[in-house]
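# Chains, contacts and geometry: an overview
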Amino acid sequence: MTQTISRRHFMQAAAFAGTAGLSGVFPGMSFAQDGRKLTVRFNRDFDSLDPGFYVGGHPNNDVNWCCMPSLVHYGFRDGQATWIPSPFVESVVARDSTHIDFRLKQGLMWSNGFGELTTDDVAFSYERMTTSEWKSDYVAFDRVDIMDRYSGTIVLNQPFAPFMNTTLASGTGIILSRKATESVGGKFTTEAPATCGPYVYAWTQGQHVKLTRNPEWTGDAPYFDSIDALIVTEDDSAALAFEAGELDCTQISSEALARYKEKPPADSALTVAGALQYMWLGMNTEHPKLKDLRVRRAIQSAVDQASIIQGAYAGTAEASYGVVSPGLVGKRDSAGYSHDPGMARSLIEEAGASGLELTLRTLNNQERILAATIIQANLAEIGINVTVMPLDAGPFWEMGQESKGDTWKDLEIWIMRFGSGPDPYEPFQWFIRDQVGIWNWERWSSDEFEELFKMGIEEVDSNERAKIYTRMQEIMEETGAYVWLTHEPEVFIHRSDISAKFAPSGEMQLPYFSRT
Amino acid sequence: MLIYIVKRIGLAVLIILLAVLALFVMLHSIPGDPVSIALGPRATPEIQAAYAAKMNLDKPLFTQFLIFLGNVLTGDLGTDVFSNRSVAKTLLGQLPYTISLAVASLGWAVALGIPMGCISATKPNGWLDRITGLVSIGTIAVPSFLVSIWAILVFAIHLNIFPVIGAGDQGDLADMALHLVLPSFAVGLGWVGYLARMVRASMLEVMGENYIRSARAFGLTTQTIIYRYALRVAILPTITLIGVGFGGLLSGTVFAEIIFARPGIGKVIYDMVLNRNFPVVQGAVMMTVALYAVVTLASDIIVSILDPRVRESL
C-alpha cells in the first residue's frame, strides 16, 4: 500500500480520481514500448458493442472506449465529473445551448478497409441512435450539420444541459462506421464490423477479452501494449486473484473494502471511481398510516444514518443528503433534518401514532438487511414497531408499480437504491409527476418541482443548476417521504504503481491506464 | 441386449422431455417480471417491449413452450436475447471446459478412491482401514466451496504455485492443465471418500462369496484375488455411481466454475438464471439433461455387459 487512506481521504478520493485525464490524451504517447501488459477484471461477460441495441454499462463501455471512437470522454474538472474532449478530436466546443461544434483528427482509420473516420460517420451514428433502443438518450438531438470531412455541428432541438455528460460521454455516444454498419445489415452484437481506436479486441466467451495495440492506430498511443480482461463474476474470487497477483486491477465489494482498509495487500492502492448510487428509506405518502406529515418527519429524525453507514457498510459508504451523488453539481452537504429521537418521539405523540405497526420491505442482501435491522431498532425507540420483509429482486422491483399489481397500495416503507449517470438531471426524472406509480413510489408531486425539473434541463450555467437541484432535493425532503441513507462507492483496488482512470459510472477507461 | 438398449434409450428420451417441461414451468413460476429484472429500472417501455418480444414473453406460456420444443427438435436451442448469439454455439464453446473439469476431478478421485477402498476391504477394521475410513468421511464431510477457498489461500496466495482464476491460455495445454489443478482438487476431493466407501462395502460383500473362497483354496495371492476377481464384480455399483456422478458434474461444477472463474455450463446456467436469460437457461439445462441421460445410459450399458443379470431388470 503506498499510503494509508483515512476515511475522509478515502471519500475525497472520488473527486480526484482521473484528474490527469483533463486533456483526453492517452498517457503512453511519447514512450510506448514492448512488454507492457495489464490484467484487469470484468465482472461479467460483455454482450454487445452496438450502442444502439446493447444493455450498456460495464463491460461493454470499457471495451468500446478502447476500440471505438467518441467525441468526448469522462474526466474530472474542479473535483466534479464532467466531459473532456476525446483523443479522436481536435476540438469539441459547445457554441451555445443548442450547438456543439467538433473537429475530428485526420487519418484515423476504420479496420477491415472501411476507410477514414469522418463527419459522416458521426452524423450516421447519432441519427441512428434516434431510432434505437436507447433513443431516450437522444430526445434533444436534432441533427448533425456537416461542414467538411472532419468538421461538423451537433444541433439540439432544445437546450439540454445534460447532453454532453449523459449522452455523448456515455456509452451511447460511441461512433460507428456507416459503411461497416450498413454492410452487416445495420446492427451487430459482439463482432463489430469495424473498429477504430488504440486497441483491437479478441473475445473468448465467458473467459476473457484480450485487447492489443491496433497497428492501424495513428493517434496518441496508450501506455499498455496489451490488456487482458478476465471475466470473474464473483467479487471474492476477484479479490483473492488480486492477492495472488493474477489481477492488476479489480472492482471490490464493500466487504472487501472494509477488510483492505484495515489490512491492505502489499503494493496496492484503492481508488474510488464514483459513488453514483443513492439509497434512501422511502415512505408511501398516500398510505393511511403515513399520511400525516408529522409521522414521516418523526421517522426522518429517528433513523440514525451514521449507525447504518458503520453497521451495514463498515464505514465504507458516504452519507447521503439527497439524490445527487458526490462529484455532481447540486450535491448537498447536509440534510434539513438530523438524528433526534427526542423530537421524533414528540412528533409521534403529537400525531397520536404511538404503537404504529409498519412493514419495511427491502432487497434480500446482507447490507440492506443490516440497514433494515438498524432502522427497525431506531423506530422501536420512538414507539414504532417495524416488521422487516426481505424480498428477492423480482417482487421487490415491481412492488410500487401500478402496472404490476396491487402491492403498491400496501406499500408502507422500504429501502431503495437507484443508480445515476454523471449528471444531476438523471435522478430527478424518476420523481416527477408522471412517475407516480412507476418509479415515484412515494406518490407525491409538486408544481414547483415540475417547473424546476424543466429549468434544470435547459440551464447550462453550473451555479444556476446547483441552485435548481439543491432546491429540488429540499422539496423532496420536505415531503417527509425520504430518509437519505448512503452513496455506495464504486471502489477498485489496483497495483500501487498503476495510474488508473475510471468513468464516474464505474467503468474502466483502460486506454488512460499507465504505470508510474 | 439390443432390446435392453432400445428400452434404455426410450427411457432417456422420456426423462429429457419431462425435465425440460419441469424446467420450463419452474422458470416461469419465479416471482417477478423477467423483463424488469433483466433490464433494470432505467429501461424505457420501448426497450422492455422489444426485449419481451425477443424472448417470446408476449406470447402465451404454452405457445412459448411449443416454440422452444419445436426449435429443439430442429437442433435450434434458440438465441441469446442479449448478444443474439446462437445458444447452441455458446454452450458448445463452454462444454469442453466442463467436461475436462469433470474428467479431471473424477479421474483423480477414481485413481485414489478405488485403491483406498480395496486396501480398506483387505483387512477390515485394521488400522489402515480405520485411517482410510477417517480420511474418506473427512473428505465427504468438508464442503467443496471450503476446499476451494482453502486451496486458493494455501496453494495460490501463500505458496503461489497454482493459478486461481481462468482456464489458461487456449492452445497451451500445460497452462490449461495447471489451471485445472485447484478446481479439480476441490471438486474431486469429496468423490475420493464416496468411491472409497462404496468400493470397500462392495468388496467386503464380494470377498465373502464362494468363488473367492475357492480362489483362496487354489492358493492365489490376495492381490490377484482382489484385483483380478473381486474388484471386477465389486466395481459394478461404482461404475453406476461414477456415471451418475459424471452426469451430475456437468452442471454441478458450478461452484468451482464461479470461485475459480472458469468457463463452463454450470456457470452459464448460474449467470443466465440471474439475468433471466431464459433461452440460454433452457438450452443449457436441455443440453446437460441430455448429456446426463447419455452418460448414465453408457454406464448402464457397460454394467449390463459386465453383469448380464442387469438386462433383465428393465
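Residues numbered from 1 in each chain as written. Chains lettered and ligands numbered in written order. Predicted model: local features only at pLDDT ≥ 70, side-chain atom pairs only at ≥ 80, totals over all residues. Heavy atoms only, no water.

### Considerations on the overall build of chain B
A tally of helices and strands in chain B yields 14 helices and 0 strands. If you list the helices and strands of chain B from N to C, you get α-α-α-α-α-α-α-α-α-α-α-α-α-α. Projecting the C-alpha coordinates of chain B onto the three principal axes gives extents of approximately 80 × 55 × 35 Å. Counting every position in chain B, which comprises 314 residues, the buried fraction comes to 48%. When contacts within chain B are restricted to residue pairs at least 6 apart in sequence, those whose partners lie at least 24 apart make up 73%. Surface summary for chain B: the accessible area is close to 14800 Å², and the carbon and sulfur share equals 70%. Charge-centre separation for chain B: the mean point of 20 positive side chains lies 10 Å from the mean point of 16 negative side chains. (Helix = DSSP H or I, 4+ residues; strand = E, 2+ residues; numbered from the N terminus. Buried < 20%, exposed > 50% of the residue type's maximum accessible area, 1.4 Å probe, protein only. Contact = heavy atoms within 4.5 Å. Areas by Shrake-Rupley, 256 points an atom, 1.4 Å probe, with all protein chains shown as cover. Lys, Arg positive; Asp, Glu negative; His and termini not counted. Charge placed at Lys NZ, Arg CZ, Asp CG, Glu CD.)

### Digging into helix α10 (residues 222-234) of chain B
A turn of α-helix holds 3.6 residues, and therefore any two residues three or four places apart point the same way. Across its 13 residues, α10 of chain B extends only 15 Å between first and last C-alpha, which sits more than 12% below the 18 Å expected from 1.5 Å per residue. Of the residues making up α10 of chain B, those classed as buried are I225, I226, A230, L231 and A234 of chain B. (Expected span 1.5 Å × (residues − 1).)

### What about the sheet that holds strand β14 (residues 318-319) of chain A?
Residues and elements named next belong to chain A. Strand order in the open sheet made by the 6 strands is β14-β18-β13-β17-β15-β16, with mixed pairing throughout. In this open sheet, the two edge strands, each paired with only one partner strand, are β14 and β16 (385-391). With 2 bridges connecting them, strand β15 (residues 357-363) and strand β17 (residues 413-419) associate as parallel partners. By the bridge assignment, R361 is partnered in β17 with W414. Packed onto the sheet, helix α9 (residues 305-313) meets β13 (277-283), β14 and β18 (482-487) and runs at close to 40° relative to β18. The sheet strands contacting helix α11 (residues 366-381) are β13, β15, β16, β17 and β18, and the helix crosses β15 at an angle near 165°. (Pairing = 2+ DSSP bridges. Axes fitted to C-alpha atoms, helices over the stretch in contact; angles between N-to-C directions.)

### Some details on the sheet that holds strand β4 (residues 89-96) of chain A
All names here are of chain A. One open sheet accounts for 4 strands, arranged β4-β5-β7-β6; its pairing is antiparallel. Edge strands, defined here as strands with exactly one partner in the open sheet, are β4 and β6 (141-146). The sheet shows a mean angle of 20° between the axes of neighbouring strands, direction not considered. Looking at chain direction, strand β5 (residues 99-104) and strand β7 (residues 151-156) are connected through 5 bridges and run antiparallel. Counterpart to R103 in the pairing with β7 is S151. Sheet contacts for helix α3 (residues 119-129): β5, β6 and β7; angle to β6, the most-contacted strand, approximately 170°.

### A few points about the interface of chain A and chain B
The interface of chain A with chain B comprises 36 residues on the first partner and 41 residues on the second. Of the roughly 3100 Å² buried at the junction of chain A and chain B (both faces included), carbon and sulfur atoms supply 56%. Together, E133, Q205 and Q207 of chain A form the three largest contributors to the area buried by chain A at its contact with chain B, with a combined 18%. Taken together, the connections running from chain A to chain B amount to 1 salt bridge. The closest approach of N and O atoms between K210 of chain A and D169 of chain B, which form a salt bridge, is 3.8 Å. Linking chain A with chain B are 6 residue pairs in polar contact (both at pLDDT 80 or more). Taken together, the elements giving at least two residues each to the side of chain A that touches chain B come down to β8 (199-204), β10 (226-231), α6 (235-243) and α12 (393-398) of chain A. Looking at which element gives the most residues to the side of chain A that touches chain B, the answer is α12 of chain A, with 5 residues. Partitioned by chemical class, the residues of the side of chain A that touches chain B number 14 nonpolar, 11 polar and 11 charged. (Buried area = accessible area lost by both parts, 1.4 Å probe. Salt bridge = Lys/Arg side-chain N within 4 Å of Asp/Glu carboxyl O. Polar contact = N/O pair within 3.5 Å; in protein donor to acceptor, adjacent residues only side chain to side chain. Nonpolar A, V, L, I, M, F, W, Y, C, P; charged D, E, K, R; others polar.)

### Thoughts on the packing of α9 of chain A against α11 of chain A
Residues and elements named next belong to chain A. Where α9 meets α11, the axes come as close as 9 Å, and the angle between the chain directions of the two elements is 140°. You can see that α9 and α11 cross each other, and the crossing is right-handed. For the pair α9 and α11, the contacting residues are S307, I308, G311, A312 and Y313 in the first and E367, R368, L370, A371, I374 and I375 in the second. Class assignment for the residues of the contact of α9 with α11 results in 7 nonpolar, 2 polar and 2 charged. (Left-handed = near helix turned anticlockwise from the far one by under 90°.)

### Focus: the domain arrangement of chain B
All names here are of chain B. Partitioning chain B into structural domains gives domain 1 (2-73) and domain 2 (94-309). Placing the centre of domain 1 and that of domain 2 at their C-alpha centroids yields a distance of 31 Å. Counting from both sides, the interface comprises 23 residues of domain 1 and, opposite them, 19 residues of domain 2. Carbon and sulfur atoms make up 79% of the area that domain 1 and domain 2 hide from each other, which totals about 1800 Å². (Domains from an automatic or database assignment.)

### Considerations on the confidence of the model for chain A
All names here are of chain A. Per-residue pLDDT for chain A has a mean of 90; in total, 94% of the residues score no lower than 70. Ignoring residues within four places in sequence, the model shows residues 1-22, a span with pLDDT below 50, making 43 contacts including any to other chains. In this model residues 29-34 is a low-confidence stretch, pLDDT under 50, and it forms 10 contacts with partners more than four residues away in sequence or in other chains. (pLDDT = per-residue confidence, 0-100.)

### Re the confidence of the model for chain B
All names here are of chain B. Scored by pLDDT, chain B comes out at a mean of 84, with 93% of its residues at no less than 70. Here helix α2 (residues 34-39) stands out as the least confident element of chain B, with mean pLDDT 67; helix α8 (residues 173-207) is the most confident, with 92. Per the prediction output, this complex has pTM 0.79; the corresponding ipTM is 0.72.

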